[in-house]
Structures are given as C-alpha cells and as structure tokens.
Amino acid sequence: MDCPFCGGRMEECYLESNGFLYLTRMLHPVMGPAFASKGDKIARLNNRRDGTGIPVHICPSCRKVVFSY
Ligand SMILES: [Zn+2]
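Caption draft 1: Region of interest: the overall build of the protein chain. Counting its regular elements, the protein chain contains zero helices and five strands. Listing each helix as α and each strand as β along the protein chain from the N terminus yields β-β-β-β-β. The C-alpha atoms of the protein chain give 14 Å as radius of gyration, which overshoots the globular expectation for 69 residues (11 Å, by more than 25%). Considered along the principal axes of its C-alpha atoms, the protein chain spans approximately 40 × 25 × 20 Å. Long-range pairs, those at least 24 residues apart, make up 57% of the contacts in the protein chain between residues at least 6 apart in sequence.

Shown next, in the form of structure tokens:
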C-alpha cells in the first residue's frame, strides 16, 4: 500500500494494546473508553477473537498510520 499522504511505501504491522482498542469522539482519561456513552463510541476495533491488536499500515517517511474500522 502506498501512503495516502506522501506516496511512500507503507509497511504492515500491528497496533497492539493490553485492553480493547476503541475509536471515540472524546477522550475518557479516568474511566477509559469502555464506559463511554453509545453516541460517543464510534467503534471497538478488536474483540477477543481478534486478539490483542489490529493490523495497520505505517509510513516510515511521514510516520502516519492507516487502518480500517
Ligand atoms: Zn507517508
């Protein structure tokens, strides 16, 4: 995959966490995203079957990350 920002070649790797990964509209620094309201949660990116992370593409040149949700 070519980087949509600079056109350079992207590498495949994983974005990994000890907990689930979420997309949210706001940060939840005290309770964490698991307690965000339904309207605030855009998506949970991984489940137990997926394991500890999601596949992503990174651009070593401009240090951008691209993933699907
Ligand atoms: Zn790039």
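Caption draft 2: Region of the structure containing the sheet that holds strand β5 (residues 65-66). Spatial strand order, β1-β4-β5: three strands in an open sheet with antiparallel pairing. Looking at the sheet topology across the chains shown, the edges are occupied by β1 (11-16) and β5. Sheet analysis places strand β4 (residues 53-58) next to β5, joined by two bridges and oriented antiparallel. Among the inter-strand pairings, Ile-58 is bridged to a residue of β5, identified as Val-65.

Caption draft 3: Region of the structure containing the environment of Lys-38. Topologically, Lys-38 is positioned in the loop between β2 (22-24) and β3 (41-44). Once the C-alpha coordinates of Lys-38 and Thr-24 are considered, the two residues, 14 residues apart in sequence, prove to be 9.6 Å apart.

Caption draft 4: Representation of unusual backbone geometry in the model. In the Ramachandran plot, Arg-63 falls in the positive-phi region, its phi being about 60° despite a non-glycine side chain. With 10 C-beta atoms counted inside 10 Å, the residue Arg-63 sits in the exposed group.

Caption draft 5: Seen up close, the confidence of the model for the protein chain. Here the protein chain averages 95 in pLDDT, while 100% of its residues score no lower than 70. Mean pLDDT values for the elements of the protein chain range from 95 in β3 up to 98 in β5.

Criteria and thresholds
- Residues numbered from 1 in each chain as written.
- Predicted model: local features only at pLDDT ≥ 70, side-chain atom pairs only at ≥ 80, totals over all residues.
- Helix = DSSP H or I, 4+ residues; strand = E, 2+ residues; numbered from the N terminus.
- Rg over C-alpha atoms; globule rule 2.2 N^0.38 Å.
- Contact = placed C-beta atoms within 7 Å.
- Pairing = 2+ DSSP bridges.
- Buried ≥ 20, exposed ≤ 12 C-beta atoms within 10 Å, placed from the backbone.
- pLDDT = per-residue confidence, 0-100.

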